[in-house]
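One letter stands for each residue in the lines below.
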Amino acid sequence: MSKKLQLLILCLIFCLCPGCAVNPITGQEEFMLFPQEQDIEIGEKYAPEVEKQLDGRIADERLQNYIDSVGQKITRVSHRPDWQYHFTALNHKSINALALPGGYVFITKGMLEKLTTEAQLAAILAHEISHVVARDSSAAMSRNIGIGVLLSAVASAKTSRGVFTAADLTRQIMGLQYSKKDEREADLAGLDYMVWAGYNPYGAVEIQQILQEEHKVRPIEFLSTHPDPQNRIAYLRARIQTRYRNLEGLKIGRQDYRSAVLEHLIDNEAD
Ligand SMILES: [Zn+2]
């Protein structure tokens, strides 16, 4: 075979392989059945459904803007600063946070009420942003549901045999579990992102402690799709010890979080 032909074949394999995408966090090629443009299509289609199923947006634009500003700060230091991200706080009482493909990140009121600092909020958003960047939910969806099904789901609540409604699929999407490896990568990349964005990384350890304590009282939605906090605390601490011993100038933001979120949630409840 001529050199030219070999080169052409190699080029075709690397450039046109539709099932491969490089995960920018690990630098490794991963199997992916659809291009990133479809992430956005799926995100746009299912974000309103997720909002609906989790009791709608919290009607407080200052609170929403604050959550969005913390999220956007983190996306700018992520491996995909060029993508668009949307951060939305939802009314649901459950303790939960999730990300859809295409950069749609949600956090529930139940979760917001449990946090006490901006660094903890940053830790949750950074973890979800890492899932978006690594396209974990896209991969889990193509494995477990099928992209054709997701794109062709009917919008109405009625379903004929064999046809899923968008509402059915949204419930499935919200219950998707990522692998332990994906979760660990999202935890560690999230830790890097939050520090690069100027936040104290112990916020990520505190989140795990909060979830662990809460879980003793009642089962937590976030933990039904995520690994055991004890294990996560260990590797987060190890990473902080090796990479981020110097915490000087990194933000905790207790007062900011109280006035931008906690006081607003109390105000809304009083209304
Ligand atoms: Zn996760």
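As a further point, take the overall build of the protein chain. Across its full length, the protein chain carries 13 helices and five strands. Sorting the 271 residues of the protein chain into buried and exposed places 39% on the buried side. Once local pairs closer than 6 in sequence are excluded, the contacts in the protein chain between residues at least 24 apart make up 71%.

When you line up the elements, leucine 150 lands in helix α7 (residues 147-152). The class of leucine 150 is buried, set by 24 C-beta atoms lying within 10 Å. Expressed as a C-alpha distance, the spacing of leucine 150 and tyrosine 46, which sit 104 residues apart in the sequence, is 9.0 Å.

Glancing now at the pairing of strand β4 (residues 97-100). The two faces of β4 match: Ala97 and Ala99 on one face and Leu98 and Leu100 on the other face are all buried. Where β4 and strand β5 (residues 104-108) come together, four bridges link them in antiparallel fashion. In the sheet register, alanine 99 faces β5, and the bridge partner there is valine 105. Where β4 folds back on β5, the antiparallel hairpin that results is connected by three residues, among which glycine 102 adopts a positive phi of roughly 80°.

Further remarks concern the packing of helix α5 (residues 118-134) against helix α9 (residues 180-196). Two elements in contact, α5 and α9, have axes whose closest approach is 7 Å; the angle formed by their N-to-C orientations is 120°. With respect to their mutual orientation, α5 and α9 come out oblique. Considering how the two elements wind past one another, α5 and α9 form a crossing that is right-handed. Where α5 approaches α9, its residues Ala122, Ala123, Ala126, His127, Ile129, Ser130, His131 and Ala134 are matched on the opposing element by Asp182, Glu185, Ala186, Asp187, Ala189, Gly190, Tyr193 and Met194. A class-by-class count of the residues in the contact of α5 with α9 yields nine nonpolar, four polar and three charged.

For the rest of this paragraph, the subject is helix α8 (residues 166-174). Listing the buried residues of α8 in full gives Leu169, Thr170 and Ile173. For α8, the angular spread of the buried residues around the axis is 105°, confining them to a single face.

On to the nonpolar core. Membership of the largest hydrophobic core comes to 62 residues, with the highest contact counts inside it found for Ile74, Phe106, Ala122, Leu125, Ile129 and Met194. Looking at which element gives the most residues to this core, the answer is α5, with 11 residues. What isoleucine 74 contacts, discounting residues up to four positions off in sequence, is Ala122, Leu125, Ala126, Ile129, Tyr193, Met194 and Ala197.

A word on the sheet that holds strand β3 (residues 86-90). Strand order in the open sheet made by the three strands is β3-β5-β4, with mixed pairing throughout. Lying at the two open borders of the sheet, with one neighbouring strand each, are β3 and β4. When strand polarity is set aside, the average angle formed by the axes of neighbouring strands in this sheet is 20°. Note: β3 against β5, five bridges, orientation parallel.

With that out of the way, let us pick up unusual backbone geometry. Notably, aspartate 55 is not glycine yet its phi reads approximately 70°, a positive angle. By the C-beta count within 10 Å, which is 14 here, aspartate 55 ends up partly exposed. Here arginine 135, not a glycine, exhibits a phi torsion of approximately 60°, which is positive. Mapped onto the elements, arginine 135 comes out in the loop between α5 and α6 (136-144).

For α9, built from 17 residues, the straight-helix expectation of 24 Å at 1.5 Å per residue is met to within 8% by its first-to-last C-alpha distance of 24 Å. Of the residues making up α9, those classed as buried are Glu183, Glu185, Ala186, Asp187, Leu188, Ala189, Gly190, Leu191, Tyr193, Met194 and Val195. In this structure, the buried side of α9 is in contact with α3 (61-77), α5, α6, α10 (202-217) and α12 (229-243). Phi turns positive one or two residues past the end of α9, at glycine 198, with a value near 100°.

Our next topic: the confidence of the model for the protein chain. Per-residue confidence for the protein chain averages 87 on the pLDDT scale, and 87% of its residues sit at or above 70. In this model, residues 10-18 is a region of pLDDT below 50 whose contacts with residues beyond four sequence positions or in other chains number zero contacts.

For the rest of this paragraph, the subject is the packing of α5 against α10. Put simply, α5 and α10 touch, their axes get as near as 8 Å, and they point 80° apart. In terms of axis orientation, α5 runs roughly perpendicular to α10. From α5, Ala119, Gln120, Ala122, Ala123 and Ile124 reach across to α10, where they touch Gly203, Ala204, Glu206 and Ile207. Among the residues forming the contact of α5 with α10, the class breakdown is six nonpolar, two polar and one charged.

About the criteria used
- Residues numbered from 1 in each chain as written.
- Predicted model: local features only at pLDDT ≥ 70, side-chain atom pairs only at ≥ 80, totals over all residues.
- Helix = DSSP H or I, 4+ residues; strand = E, 2+ residues; numbered from the N terminus.
- Buried ≥ 20, exposed ≤ 12 C-beta atoms within 10 Å, placed from the backbone.
- Contact = placed C-beta atoms within 7 Å.
- Pairing = 2+ DSSP bridges.
- Axes fitted to C-alpha atoms, helices over the stretch in contact; angles between N-to-C directions.
- Parallel < 35°, antiparallel > 145°, perpendicular 65-115°, else oblique.
- Left-handed = near helix turned anticlockwise from the far one by under 90°.
- Nonpolar A, V, L, I, M, F, W, Y, C, P; charged D, E, K, R; others polar.
- Arc of directions from axis to C-beta.
- Core = buried A, V, L, I, M, F, W, Y, C linked by C-beta atoms within 7 Å.
- Expected span 1.5 Å × (residues − 1).
- pLDDT = per-residue confidence, 0-100.

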